Amino acid sequence: MNQQSLHHCQVCDEWQAEGIYVLMTFICKSCERTIVQTSPDDELYQQLVERMKCRPLMKQM
Ligand SMILES: [Zn+2]
């Protein structure tokens, strides 16, 4: 078994081996799925997105 390097998921705040990078932010597979399955109108969706963009770079309104 190869050791996989872990990435820190910005959304669930856990270290995960599998996931994707969105704009320098790592999102693990389960969080990605949650976001995809959640409606943009949903409060949960808004919370997830907020956690993803807590970087100054994203502060362009
Ligand atoms: Zn996650």
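Definitions and cut-offs
- Residues numbered from 1 in each chain as written.
- Predicted model: local features only at pLDDT ≥ 70, side-chain atom pairs only at ≥ 80, totals over all residues.
- Helix = DSSP H or I, 4+ residues; strand = E, 2+ residues; numbered from the N terminus.
- Buried ≥ 20, exposed ≤ 12 C-beta atoms within 10 Å, placed from the backbone.
- Contact = placed C-beta atoms within 7 Å.
- Core = buried A, V, L, I, M, F, W, Y, C linked by C-beta atoms within 7 Å.

**Considering the environment of Trp15**
Among the structural elements, Trp15 can be located in strand β2 (residues 15–16). Residue Trp15 is classed as exposed on the basis of its C-beta count, with 12 C-beta atoms lying within 10 Å. For the pair Trp15 and Cys28, spaced 13 residues apart in sequence, the C-alpha to C-alpha distance is 8.4 Å. Discounting chain neighbours no more than four positions away, the residues touching Trp15 are Leu6, His7 and His8.

**Thoughts on the nonpolar core**
Core analysis: the biggest nonpolar cluster contains 5 residues, these being Cys9, Val11, Ile27, Cys28 and Cys31. Look past the residues within four positions of Cys31 in its chain and what remains in contact with it is Cys9, Val11, Cys12 and Leu48.

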